[in-house]
Amino acid sequence: MNFLSLPTILAAIIVVTASTTIVAFGPPPSSSIGRRQQQHQLSMALGRADLTRRQKLNDMFDSVFENPTKEFVESTLLGDNTNELIEKCNWKLRKVMIRKVKKVAGIYGVEVDDGFGVPLNQEEWEAKMREESVSYIAAKQAKADAAAEVARERRERKAAKKARKVAALAV
């Protein structure tokens, strides 16, 4: 029974423990998952466009803190550009940015509308498109009428010129 000495038993335990540890926890991620497989995993990262929008909004916040007046906060943070920029963001970034705008506006005592930064829902969007289409159709009709008037005047001038030529030849 010499083969069961303490060093051989310890060596056997270490080998068994090491092999089960590798099986249980797996090999390191760099060797088991390739770059292509990592790209196909789900990610909660923001898109590139949202990152640029976030940077623009953070620059606006920095400019507000450099010039901390109520009028500047109203014109910069609560302007139409900021509203449109926030509306274009995804829901996660939009929620954060609206909260930041409300916080900074509250610091300077400026009221923020409830609908600030919230995009139109489907019904509101459809109503807006109907209004725009009515005004577009009216503008298109006015343009067509103006073009028809110009064409009519051109035909009249051409007919008058032809009549003068005929009268000159008759004499």
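Now for a description of the structure that goes with this document. These numbers were taken from a predicted model, which means no experiment stands behind them.

Glancing now at the overall build of the chain. Broken down by element type, the chain carries 8 helices and 0 strands. Listed by position from the N terminus, the elements making up the chain come as α-α-α-α-α-α-α-α. When the 171 residues of the chain are sorted by exposure, 15% land in the buried category. Approximately 14,000 Å² of the chain is accessible, and the part contributed by carbon and sulfur atoms is 60%.

The next point concerns the packing of helix α4 (residues 48-66) against helix α6 (residues 80-88). It is at 10 Å that the axes of α4 and α6 come closest, and there the two elements cross at 150°. As the angle between them shows, α4 and α6 are arranged roughly antiparallel. As α4 packs across α6, the resulting crossing turns out to be left-handed. Contact residues: α4 offers Asp50, Arg53, Lys56, Leu57 and Met60, while α6 offers Thr82, Leu85, Ile86 and Lys88. In terms of residue class, the contact of α4 with α6 is built from 4 nonpolar, 1 polar and 4 charged.

Attention now goes to the packing of α4 against helix α7 (residues 91-107). In contact at an axis separation of 11 Å, α4 and α7 are set at 5° when each is read in the N-to-C sense. In terms of their interaxial angle, α4 and α7 are classed as roughly parallel. Residue-level inspection shows Asp50, Arg54, Leu57, Asn58, Phe61, Val64 and Phe65 of α4 in contact with α7, the latter providing Leu93, Met97, Lys100, Val101 and Val104. Tallied by class, the residues present in the contact of α4 with α7 amount to 8 nonpolar, 1 polar and 3 charged.

A few words now on helix α8 (residues 122-170). Structurally, the α-helix is built with 3.6 residues per turn, so residues lying three or four positions apart point the same way. Its 49 residues give α8 an end-to-end C-alpha distance of 71 Å, which sits within 8% of 72 Å, the value for a rise of 1.5 Å per residue. Backbone nitrogen of Glu123 and a side-chain oxygen of the N-cap are separated by 3.3 Å at the start of α8; the cap is Asn121.

Right, let's talk about the pattern of salt bridges for a bit. The full count for this structure, using the stated rule, is 3 salt bridges. Across the pair Asp50 and Arg53 runs a salt bridge whose closest N-O atoms are separated by 2.7 Å. Remark: Arg53 and Asp50 occur in helix α4; sequence separation between them is 3 residues, near one turn of the helix. We classify Arg53 as buried; its relative accessible area is 19%. Salt-bridge contacts for Glu149 lead to Arg152; the nearest nitrogen and oxygen are separated by 2.2 Å. Residue Glu149 and its partner Arg152 are located together in helix α8, separated by 3 residues, close to a single helical turn. With a relative accessible area of 33%, Arg152 lands in the partly exposed category. Several salt bridges share partner residues, and in doing so they unite Glu149, Arg152 and Glu156 into one network.

This next bit is on α6. Within α6, burial applies to Thr82, Asn83, Leu85 and Ile86. Along the long axis of α6, the arc covered by the buried residues comes to 165°, so they all point the same way. Exposed residues on α6 whose side chains face more than 90 degrees from its buried face are Asp80, Asn81 and Lys88. Taken together, the buried residues of α6 touch α4, α5 (70-76) and α7.

Further remarks concern the side chain of Arg94. Position of Arg94 relative to the elements: it lies in helix α7. The side chain of Arg94 sits in the buried core without any salt bridge; Asp50 is the nearest counter-charge, 7.9 Å away. In this structure the side chain of Arg94 is engaged in a polar contact, spanning 2.8 Å, whose partner is the backbone oxygen of Cys89. Look past the residues within four positions of Arg94 in its chain and what remains in contact with it is Ile86, Glu87, Cys89, Gly117 and Pro119.

Cut-offs applied
Residues numbered from 1 in each chain as written. Predicted model: local features only at pLDDT ≥ 70, side-chain atom pairs only at ≥ 80, totals over all residues. Heavy atoms only, no water. Helix = DSSP H or I, 4+ residues; strand = E, 2+ residues; numbered from the N terminus. Buried < 20%, exposed > 50% of the residue type's maximum accessible area, 1.4 Å probe, protein only. Areas by Shrake-Rupley, 256 points an atom, 1.4 Å probe, with all protein chains shown as cover. Axes fitted to C-alpha atoms, helices over the stretch in contact; angles between N-to-C directions. Parallel < 35°, antiparallel > 145°, perpendicular 65-115°, else oblique. Left-handed = near helix turned anticlockwise from the far one by under 90°. Contact = heavy atoms within 4.5 Å. Nonpolar A, V, L, I, M, F, W, Y, C, P; charged D, E, K, R; others polar. Expected span 1.5 Å × (residues − 1). Polar contact = N/O pair within 3.5 Å; in protein donor to acceptor, adjacent residues only side chain to side chain. Salt bridge = Lys/Arg side-chain N within 4 Å of Asp/Glu carboxyl O. Arc of directions from axis to C-beta. Lys, Arg positive; Asp, Glu negative; His and termini not counted.

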